[in-house]
Amino acid sequence: MLKPSRLCKALALAFGGAALVYVPQAHAQQQSLERVTVTGSSIKRLESETALPVTVISREQIEKSGASNVEDILRRVAASSAMLSDATQGVGYATSNANMRGLGANSTLILLNGRRLAGHPFGSIGGSAAVDLNSIPFAAIERIEVLRDGASAIYGTDAVGGVINFITRKDYSKGELTLRYGAPEKSIGGSEKTASLAFGMGDLVKDGYNLLLTANFKDQARVKAIDQGLYLRHATEVPGSFPPTSFRGFPGAIFINDGDQLVTPGQYTGAGAAFSACDPANTVVSNTGPTPSGNTARYCRAIYAAMLDNLPDSEKTDVYGRGTFALGGGHQLFVEGSISRNATVGRVAPTPLDSGAAKVNPDGTYPPFAMPVTSRYFPAALLTGLGYTAADWDPDGNGFAEIVTRSLDMGNRISDNTNSQYRFVVGANGQFGSWDYDMGVNLSQARGKLVYDGYLLQAPYLAALASGNINPFGPNDAAGLALLDAASLRGEVRRSKGTTFAYDAKISRELGQMGGGAMAVALGVDLRKEKAEDRPTNASYSAGLHVGGEGSVPTTVASRNIYAVFGELALPFSKELEATLAARYDRYSDFGSSFNPMARLRYQPSKQLLLRASAGTGFRAPTLWDVNSPVANTNTADAQQDWDCPVGQENNPRCLTQFNVQLSSDPNLKPEKSRQFSFGAVFEPSRDFTIALDYWNIEKRDTIGVITGDTLMGDEALYRKYINRVKRSPDGLLSYIETPVENLGKLETSGIDLDMRGGFSYDGGTRVGLSYSGTYVLKYKTQSGKDEPMIDYVGQATGGIAPVPSWQHTLGLDWSRGDVNVALEHVFTNGWTESAAQVNANLGVNAPYKVKDTSRWNLAVTYKGFKNLTLRVGARNLLDDAAPFTASSSYGSHAAGFAGSFADPRGRFWYGTATYQFK
């Protein structure tokens, strides 16, 4: 074996991309020369010999960071462009996904102890089918290894952007109980209560076994958006703008002249007790010009961002157990099981009610949301006084007038998500002669249950509205409420399962001696079956017959088998130079095969300098939904402007709205192919200081995705090219946009990772550790469609493409003396520019907006002076920096006002932790 140098011993962390708190001296004392398998390699070797670009985040670092879930930890990894998260608000499916290099959740592989978990079972065409990070057993984590390099040659699909391997405690024989409470300094809700337990017994060497049991519980309270008002910063951030609003407001309005004007009765003096005026808390008054009498046509626009939660109510629970048994002769048997449950209640604005929010008719028209002009709630006298005639509000002469409103009587639309993961692994490892082996059987199943409340079914609501007993312009009486209740969609609407059954086995050994040590080889097989059973349990929900929901959700049941063989060869040509070659062949039962080689080179000319390089190919298979799902319907994420609004209807609010979108799968999709390479250097000028600098480059071909409705409507040239996908009703208004999943084109991204770590001691016992790491993205070019030009999106956001910040870093300072430790951390993300089209659609100003930088200082103070008791107090966002304002509503927060994928909205957050060792 190679003799490890000081530089080699530091490599596992020196090549990292996350700078949580690190104390070099403490880590050096824990170094071991045990032969282990490191993330990104199948060969067992001394841990100190690795030259892989792996960030190691220890349990101590996690505790000092103040993070209470996996998503919060990974926000600090600079190589991760941004979390892809519904968990920040609880709408959608309340999932949290990693996003290495900005390539998306489907290109980041998540492992638990080196093996896969099941992807979340709620899927969609062109969407994510990735592992929900909430399913990781948080209390069991010993460390996290983040491989910032493509690894398809080792692990297969999903590993294009990188690999995140969560490794649980091993050979643990202690017992500890941890209680934690935290809350924002401002009284806005958002408190966190956490309890975790870890118990281990048995020593593998002395007793021949080790048993570990962990449990974790976290309760998070909601934060109401209206209590923070982050969305109201538009006035100072974008001069001349209006707040993020929708024309679908409450109290509602009457369409005049096919939407050329709108009138809310309660905005006029003497309208009557049945009619409410605009509520200043969640609406703004808008006007659409003069009425025939010379008055002003006024109506209420909803500040939809005021009616939801910035953070949801949630409860997370996980239980994990592992038993390891020494069988003698160097063999071990292990059994591992875990159950996790994440229950989240997400709330968004009450149901929008107008024809544009409805399910499109087969002929492309929208069903009219119309009330009879004979209804006691129809303000005929008021409209006549404004100079209108029946021809203005009833142009068809059928005795009905079209309205727009929002169902405040029914309260928020509520998505009650319960996501669970059940996982069981049994396996063995050890040595047969000169061969190391590791094999296991892995059964993982993710389950999702979705319960709705506050939604209305289209046909029953239209019938109730047509009866004349529904009041769109004010509070409903008992009869109206009964009709709304009868038309509601509530209860369980979806219950799905995603299952992964896998068998893997690998062997490795040293071969003949070379100039720098023993050549080593690893061989392996990976057999896997993946099955999706995505089943709506409510027929109306499945068909998309509710108003203001996610559209239609068809049943998707599909499966595939994957067979793979792989190998790896380490060639130490000299003490200074080592090459590693790897290759993997995957065969998919439903779309074909893929062969992916990889080569890595490590050159260490001196104890102070190490050079390294790698190159390889990768691939990503289409999801089961991309190739099997029936046609589905949804809507654009943001409000968009219709480029071809019919002449004379420029003021029609249906020309500036969230448009209907139709999704379709394609069984003939090709897999994505990728090529990546990187090279870098690690320099150790002194024993306690290390600098690592790495360049990385990734290119994808045949990227799988959709030209989204937001992308299409946000770019007039693209809209003109694909205008045949924009379907219109006979009156010329936009009906829906076709967005088939397809192989779009190329994606190219590259950047530089910087990592510096060091420390020093003084005053006979005081230790200071320093760390700094960041990622600078040089380019992120992609095609929005076949044969479209490559556009660089670094530092840009268009709605269709999520922001790609040019720079992210984490700075850490760690001070220790005796029983006291102080950890200070700075997490920074560079801002980006939102396009003029985005800002105009959401705020009414046709100009780009520069989103400010995200900057967070975190502090933790730890005291260990009491026997068996560790106390910690800390503050996240110590300086109380506000989450940067954004115009768009599609960066994870689901509401304009702040980017939930990048920043916690709660401001300064205080917490305290007590850990008691009882064994």
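A. Local environment of the overall build of the protein. Each helix and strand counted, the protein has 16 helices and 53 strands in total. Seen through its C-alpha atoms, the protein measures out along the principal axes to roughly 95 × 60 × 45 Å. When the 919 residues of the protein are sorted by exposure, 60% land in the buried category. In the protein, the share of contacts with a sequence separation of at least 24, taken over all contacts with a separation of at least 6, comes to 73%. In the form shown here, the protein has an accessible surface area of approximately 32,800 Å², with 57% of it arising from carbon and sulfur atoms. Across the protein, the 88 positively charged side chains and the 89 negatively charged ones have centroids separated by 6 Å.

B. Molecular detail of the environment of Arg 602. Take Arg 602: it is sitting in strand S31 (residues 592–606). Of the residues examined, Arg 602 reaches a relative accessible area of 6% and is grouped as buried. When the C-alpha positions of Arg 602 and Thr 580 are compared, they lie 8.4 Å apart, and in sequence the two are 22 residues distant. Here Gln 604 takes part through its side chain, which lies 3.2 Å from a polar atom of the side chain of Arg 602.

C. Representation of the sheet that holds strand S8 (residues 141–147) in the model. Taking strand neighbours across the sheet as the criterion, the 5 strands line up as S3-S8-S9-S6-S7 in an open arrangement whose pairing is mixed. Across the chains shown, the open sheet's two edge strands, defined by having one partner strand only, are strand S3 (54–58) and strand S7 (115–116). Examined bridge by bridge, strand S6 (residues 108–112) and S7 share 2 bridges and lie antiparallel to one another. The residue bridging Leu 112 from the neighbouring strand is Arg 115, located in S7.

D. Highlighting the state of the cysteines. Across all of its chains, the model carries 2 disulfides by this definition. The partner cysteine of Cys 645 in its disulfide is Cys 655, sulfur to sulfur 1.9 Å. Because the torsion about its S-S bond is 65°, the bridge between Cys 645 and Cys 655 counts as right-handed. Placement of the pair is Cys 645 in the loop between strand S34 (640–641) and strand S35 (656–657) and Cys 655 in the loop between S34 and S35, with a sequence separation of 10 residues. Here Cys 645 and Cys 655 have matching classes, each one buried. Sequential numbering of the bridged cysteines in the protein gives the disulfide pattern 1-2, 3-4.

E. Focus on helix H10 (residues 458–466). Every buried residue belonging to H10 is among Gln 458, Tyr 461, Leu 462, Ala 464 and Leu 465, and all of these are buried. The buried residues of H10 occupy one face: seen down the axis, they fall within an arc of 160°. Downstream of H10 by one or two residues, Gly 468 has phi in the positive range, about 85°.

F. Local environment of a nonpolar patch on the surface. A contiguous nonpolar patch, built from Leu 177, Leu 179, Leu 197, Tyr 916 and Phe 918 and spanning about 440 Å² of accessible area, is present on the exposed surface. Locating Tyr 916 in the fold gives a position in strand S53 (residues 909–917). Among the residues examined, Tyr 916 registers a relative accessible area of 41% and is labelled partly exposed.

G. Expanded view of the nonpolar core. Core analysis: the largest hydrophobic core is formed by 31 residues, its most contacted members being Ile 254, Val 263, Phe 369, Leu 383, Tyr 388, Trp 393 and Tyr 461. For this core, the secondary structure elements donating two or more residues are strand S14 (253–256), helix H8 (380–385), strand S23 (400–406) and H10. Top contributing element to this core by residue count: H10, with 4 residues. Residues in contact with Ile 254, not counting those within four places in the same chain, are Gln 261, Leu 262, Val 263, Pro 265, Phe 378, Pro 379, Leu 383, Trp 393, Ala 401, Glu 402, Ile 403 and Phe 473. In terms of nonpolar packing, the next biggest core, distinct from the first, is built from 22 residues, Ile 57, Ile 62, Ala 98 and Phe 166 among them.

H. Main features of the pattern of salt bridges. Enumeration according to the criterion identifies 57 salt bridges in this entry. Between Asp 586 and Arg 584 there is a salt bridge; the shortest N-O distance is 2.9 Å. Here Lys 670 and Asp 702 are joined by a salt bridge, their closest N and O atoms 3.6 Å apart. Taken as a pair, Lys 670 in the loop between strand S36 (660–664) and strand S37 (672–686) and Asp 702 in the loop between strand S38 (689–701) and strand S39 (704–705) lie far apart in primary sequence, 32 residues in all. The exposure class assigned to Lys 670 is partly exposed, which follows from its relative accessible area of 44%.

The rules behind the values
- Each chain has its residues counted from 1, following the order in which its sequence is written.
- A pLDDT threshold of at least 70 governs which residues receive local features in this predicted model, and a stricter bar of 80 or more applies before side-chain atom pairs are shown or counted, although totals over entire chains, interfaces and linings include all residues.
- To get the side-chain values, all heavy atoms of the structure are used, and hydrogens and water are removed first.
- Here a strand is any run of E in DSSP of at least two residues, a helix any run of H or I of at least four, and the numbering for each starts at the N terminus.
- Classification of residues uses two cut-offs on accessible area relative to the type maximum, computed with a 1.4 Å probe and protein chains only: under 20% is buried, over 50% is exposed, and between them is partly exposed.
- Contacts were defined at the residue level, with two residues in contact if any of their heavy atoms lie within 4.5 Å.
- Exposure was quantified through the Shrake-Rupley algorithm and a 1.4 Å probe, taking into account, for residues, occlusion by the shown protein chains and nothing else.
- For this count, His and the chain ends are skipped, Lys and Arg are scored as positive, and Asp and Glu as negative.
- A charge is said to be at NZ when it belongs to Lys, at CZ for Arg, at CG for Asp and at CD for Glu.
- Think of a polar contact as two N or O atoms within 3.5 Å of one another; within protein, one of them needs to be a possible hydrogen donor and the other a possible acceptor, and neighboring residues in sequence only count if both atoms come from side chains.
- Note: two strands are recorded as paired if DSSP finds a minimum of 2 bridges between them.
- When two cysteine sulfur atoms lie within 2.5 Å, the pair is treated as a disulfide.
- Summarising the geometry, the arc corresponds to the directions from the helix axis toward the C-beta atoms.
- Without a salt bridge and with relative accessible area above 30%, a residue can belong to a patch; like charges are then joined within 9 Å and nonpolar side chains (Val, Leu, Ile, Met, Phe, Trp, Tyr) within 5 Å.
- One side-chain nitrogen of Lys or Arg within 4 Å of one carboxyl oxygen of Asp or Glu is enough to make a salt bridge.
- Put simply, buried Ala, Val, Leu, Ile, Met, Phe, Trp, Tyr and Cys residues joined by side-chain atoms within 4.5 Å make one nonpolar core.

So, to be careful, I would describe these as geometric facts and stop short of saying anything about function.
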